[in-house]
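Examining the three-dimensional arrangement
Letter by letter, the chains look like this.
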Amino acid sequence: MSSVQETIFGIISKEAGIDIGKITLDSTLKDLEIQSLDAVQIIFEIEDQFKITLPDRDPNFDTESVKGLVDAVERLVAEKAAAAPPAQT
Amino acid sequence: MRRVAITGMGAINALGHDAATTWSAMREGRPAIGPIANIPSDLLNIKIAAEVRGFDPLAHFDSKRLILLDRVSQFALVAAREAIAQSGLEFRASGFGERTACIIGTGIGGENSHNEQSSRFYGDKNPRVHPLAIVRVMANAPACHVGMEFGLTGPSFAVVSACASANHAMAQAFDMLRSGKVDFAVAGGSEACVTVPTVKAWEAMRVTADDTCRPFCKQRRGMVLGEGAGIFVFEDYEHARSRGATILAEFSGAGMSADAGDIVLPSETGAARAIAAALADARLAADGVDYINAHGTGTPANDPTESKAIRRVFGSHADTVAVSSTKSMHGHALGAAGAIELVAAIGALRESIVPPTANFIDPDPDCDLDYVPNTARELPVRAALSNSFAFGGLNAVIALRRA
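The rules behind the values
- Residues numbered from 1 in each chain as written.
- Chains lettered and ligands numbered in written order.
- Predicted model: local features only at pLDDT ≥ 70, side-chain atom pairs only at ≥ 80, totals over all residues.
- Helix = DSSP H or I, 4+ residues; strand = E, 2+ residues; numbered from the N terminus.
- Contact = placed C-beta atoms within 7 Å.
- Buried ≥ 20, exposed ≤ 12 C-beta atoms within 10 Å, placed from the backbone.
- Pairing = 2+ DSSP bridges.
- Nonpolar A, V, L, I, M, F, W, Y, C, P; charged D, E, K, R; others polar.
- pLDDT = per-residue confidence, 0-100.
- Core = buried A, V, L, I, M, F, W, Y, C linked by C-beta atoms within 7 Å.
- Domains from an automatic or database assignment.
- Axes fitted to C-alpha atoms, helices over the stretch in contact; angles between N-to-C directions.

Bringing the overall build of chain A into the picture now. Each helix and strand in chain A was counted, giving three helices and zero strands. Secondary structure of chain A in N-to-C order comes out as α-α-α. A sequence separation of at least 24 residues applies to 64% of the contacts in chain A between residues at least 6 apart.

Structure (structure tokens):
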């Protein structure tokens, strides 16, 4: 499990109050019975943790799998790293 | 029970600084949603709102007075002056002030002052907080300032129920008048909450649109924040008639309910109970209503739920009643929303013109009523409803009849 994936699973579990063992990459937020208010809190925690901004509205938010979310976060984290100035040696 | 007349109307919002300008913009279906200009927008992801533009407080208040007034109280006073002037009532000179309630709703209160003081304290590390911060921020300030200016010494307070505050406030004033507790009321709602932190908070909830507000339409992307005030004068119907006042409409009923369910998700049955209660209170049959000014926020959740609630109460008449959301033009002014929207309901009753739902593209299969898309419609309106459904599941619906 990548560290991004692990963090996201942890956030979903904590914010939605569901057992982390129930979350799989293929689960959708709908499968996990996550309500909209929990969903926006999950997004907020993910953004805050990774210091990224997720797109404002994804029409497939409910039906998107957890894997889709992990991929999106990994992509945004990589883009942020690429945009950052190279470390001085 | 006594009947209640509306004899004064005042408004300020993105569509205009008075009720007449507001109503003409509504009738023309002319939205006032645009790029945020009154506050810095560099930190905002959602860069649009329906702001009150070109408002110069010094044109309305001297600087000594202004220091006491948050924007929310300024709006309330501007609208109250218009409404009371139109009513022709001189509360101080006539001695009516003692028999007058002053009830003004607001969702948040003095948000601009709160933000300004927090910013000085935390941002500028300035340890001195302004001595008038408390009296500017308090949510009852709009009601107090209106009462002080006009000498209204009867029951006076604020009502807070988020996006239904104005309708709850006006319903309360209506009940007091009808029961004989007072003979007049000055009531409505005011809101001024377009600040950077508030817009950021709305962004975080992911319910605000980044393009414009398109209620009931398939392409809708959420609500657009607005601001402003609407204030009305209510009066014992017989009194208004005997003094020859212009009666704008009859306030004939109010219905309220709470979902006691979810803090954000609206409930069809909760909304339907408030609509049905307003009809019953006004002794109106569903087919006697020709226009509903919808809550119509443009969010994915509200619009289908509200449409179903209307259908549930109106039955087959749901297909013939005209329903529109003027939030498509003046945005969602939260605690002032119901008051600004009452201008639309009164305009429809008086001029037999139903204002449209602007910015409408394609219908949403989940919203299957007649939303009067984009163009106003000539239609005799005998009675109208105005819906407000707040976060927290608090619902308030007002019923008006043509005078």
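From this point, the narrative continues.
All names here are of chain B. With eight of eight residues buried, strand S6 (residues 184–191) is to be regarded as a mostly interior element. Side chains Phe-184, Val-186, Gly-188 and Ser-190 project from S6 onto one buried face, and the interleaved Ala-185, Ala-187, Gly-189 and Glu-191 project onto a second face that is buried too. Taken together, the six bridges between strand S4 (residues 100–105) and S6 define a ladder with parallel strand orientation. Directly across from Thr-100, in S6, lies its bridge partner Phe-184. Bridging between S6 and strand S7 (residues 228–236) involves eight bridges; their strand directions are antiparallel. In the sheet register, Phe-184 faces S7, and the bridge partner there is Glu-235.

We now examine the interface of chain A and chain B. At the interface, six residues of chain A touch nine residues of chain B. Grouping the constituent residues of the side of chain A that touches chain B by class yields three nonpolar, one polar and two charged.

All right, on to the environment of Asp-183 of chain B then. All names here are of chain B. You can see Asp-183 is positioned in the loop between helix H8 (165–178) and S6. Among the residues examined, Asp-183 registers 18 C-beta atoms within 10 Å and is labelled partly exposed. Each C-alpha atom, one on Asp-183 and one on Thr-357, is 36 Å from the other, the two residues being 174 residues apart in sequence. Dropping the residues within four chain positions of it, Asp-183 is found in contact with Phe-96, Arg-99, Asp-236 and His-239.

Once that is clear, we can look at the confidence of the model for chain B. Of all residues in chain B, 100% have pLDDT values of 70 or greater, and the mean over the chain is 97. Across the interfaces of the predicted complex, the ipTM metric reaches 0.76, alongside a pTM of 0.94.

With that settled, the discussion passes to the nonpolar core. Residue and element names in this part refer to chain B. Residues Ala-173, Ala-185, Val-186, Phe-234, Ile-275, Ala-278 and Ala-384 are the most contacted members of the largest nonpolar core, which totals 139 residues. Broken down by element, this core gets its largest block of residues, ten residues, from helix H14 (residues 337–351). Counting contributing residues, this core receives three or more from each of domain 1 (4–242) and domain 2 (252–401). Leave out the neighbours within four places in its chain, and Ala-173 touches Ala-101, Ile-103, Ala-185, Ala-187 and Phe-234.

Residues and elements named next belong to chain B. Pairing is mixed in the open sheet, where ten strands are placed in the order S5-S4-S6-S7-S1-S8-S14-S13-S9-S10. On the outer flanks of this sheet lie strand S5 (156–159) and strand S10 (322–324), each paired with one strand and no other. Within the sheet, the average angular offset between the axes of one strand and its neighbour, ignoring direction, is 25°. Contacts between helix H7 (residues 141–150) and the sheet are confined to S4, S5 and S6, with S4 contributing the most and set at about 145° to the helix.

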